[in-house]
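The primary structure of each chain is shown beneath.
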Amino acid sequence: MLPISEIFVSLQGEGPFSGRRALFIRFFGCNLRCSWCDTKYSYYGKPKILEELDVFDDFIVLTGGEPTLYQDILKNFLTRAKSKGSEILVETNGTVVLKDTFVDYVDYFSISPKLSNAGVKYRVEVLKKNVEKLTNKDKFYYLKFPVMWDDDLNEVKKMVEYLGVEKKAGLAAAH
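This part takes up the overall build of the protein. Within the protein one finds four helices and eight strands. Along its sequence from the N terminus, the protein presents helices and strands in the succession β-β-β-β-α-β-α-β-α-β-α-β. On C-alpha atoms alone, the protein measures out to a radius of gyration of 16 Å, which is about the 16 Å that the 2.2 N^0.38 rule sets for 175 residues. Every one of the 175 residues in the protein was classed for burial, and the buried ones make up 47%. The contacts in the protein between residues at least 6 apart in sequence include a share of 68% that link residues at least 24 apart. Carbon and sulfur atoms make up 52% of the accessible area of the protein, which totals about 8900 Å². When the 25 positive and 24 negative side-chain charges of the protein are each reduced to one mean point, those points stand 3 Å apart.

Right, let's talk about helix 3 (residues 124–136) for a bit. With 13 residues, helix 3 should cover 18 Å at 1.5 Å per step; its first-to-last C-alpha distance of 18 Å lies within 8% of that length. Within the span of helix 3, buried status applies to Val-126, Leu-127, Asn-130, Val-131 and Leu-134. All buried residues of helix 3 project into a common sector of 140 degrees when viewed along the axis, lining one side. Pointing more than 90 degrees away from the buried face of helix 3 are the exposed residues Lys-129 and Asn-136. Elements that come into contact with the buried residues of helix 3 comprise helix 2 (100–103), strand 6 (108–111), strand 7 (140–143) and helix 4 (152–163). Where helix 3 terminates, the next one or two residues include Asp-138, which has phi positive at roughly 55 degrees.

A few words on the layout of surface pockets. A water-sized probe rolled over the atoms picks out the places where empty space is left. Considering only enclosed or pocket space, the largest pocket measures out at about 680 Å³ in volume. As for the largest pocket, its lining consists of 31 residues, and the residues nearest its centre are Asp-38, Thr-39, Gly-64, Lys-114 and Lys-144. For the lining of the largest pocket, the secondary structure elements donating two or more residues are strand 1 (2–11), strand 2 (21–27) and strand 5 (87–92). No other element matches strand 1, which puts three residues into the lining of the largest pocket. Counted by class, the lining of the largest pocket contains 11 nonpolar, 12 polar and eight charged residues.

Parameters at a glance
The residue numbers shown here count from 1 along each chain, following its written sequence. Totals for whole chains, interfaces and linings use all residues, but because this is a predicted model, local features are given only for residues with pLDDT of at least 70 and pairs of side-chain atoms are given and counted only at 80 or more. Side-chain metrics in this entry use all non-hydrogen atoms of the structure; hydrogen atoms and water are not considered. Segments assigned H or I by DSSP are reported as helices when at least four residues long, segments assigned E as strands when at least two residues long, and all are numbered from the N terminus. This radius of gyration counts C-alpha atoms alone. The globule rule is 2.2 Å times how many residues there are, raised to the power 0.38. To sort residues, take the accessible area from a 1.4 Å probe on protein chains only and compare it with the maximum for the residue type: under 20% means buried, over 50% means exposed, and anything in between is partly exposed. Any pair of residues with heavy atoms lying within 4.5 Å of one another is described as a contacting pair. Surface accessibility in these figures is a Shrake-Rupley result with a 1.4 Å probe; residues are shielded only by whichever protein chains are displayed. Within this scheme the basic residues Lys and Arg register as positive and the acidic residues Asp and Glu register as negative, but His and the chain ends are omitted. The atoms used to mark charge sites are NZ of Lys, CZ of Arg, CG of Asp and CD of Glu. Here a helix's expected span is defined as the number of its residues, less one, multiplied by 1.5 Å. Directions from the helix axis toward the C-beta atoms define the arc. For each structure, a 1 Å grid was placed over the protein atoms alone; sets of points admitting a 1.4 Å probe that cannot get out are labelled cavities, open sets with protein on both sides within 12 Å along at least five of seven lines are labelled pockets, and lining residues have an atom within 4 Å of a point. Grid points are joined across faces, edges and corners, and a volume is the space filled by probe spheres set on the points. Note on residue classes: Ala, Val, Leu, Ile, Met, Phe, Trp, Tyr, Cys and Pro are nonpolar, Asp, Glu, Lys and Arg are charged, and everything else, Gly too, is polar.

So, in structure tokens, the structure goes:
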């Protein structure tokens, strides 16, 4: 059973895939409650519960809420999507441990670490382990930081150093 907030087609609006047409599947539920969240409807209210996802496209973005909360029950969908030639991008906050069986079916990861401006606390050790796993599996990922104030840039620099990622192609980090 998959809790879905919404499914729609649009253009990807951020990151290296900006401007690319995508099928967005927004999952219901999130393990964080950022003060500035722009999709609070994805964790308040009532989700649509689907037995199975049966929508496919060339490029699929799994977003949220937090889609990595549903790694185990997404396996069947991801297997079918890959067999149809879909490319999969997962947008995640990076705070849920990524399972190998999930990572193997995903092409790209957009990781959005939360800075202190979000007003949430989480263990950055999980984020670091996820980045290391994606690097070891040679998966394409990038980091995107929600920056509100000039001081946030110092926090971004410290986070990038802690995670051990490099700055490439004008992005905060990419691999």
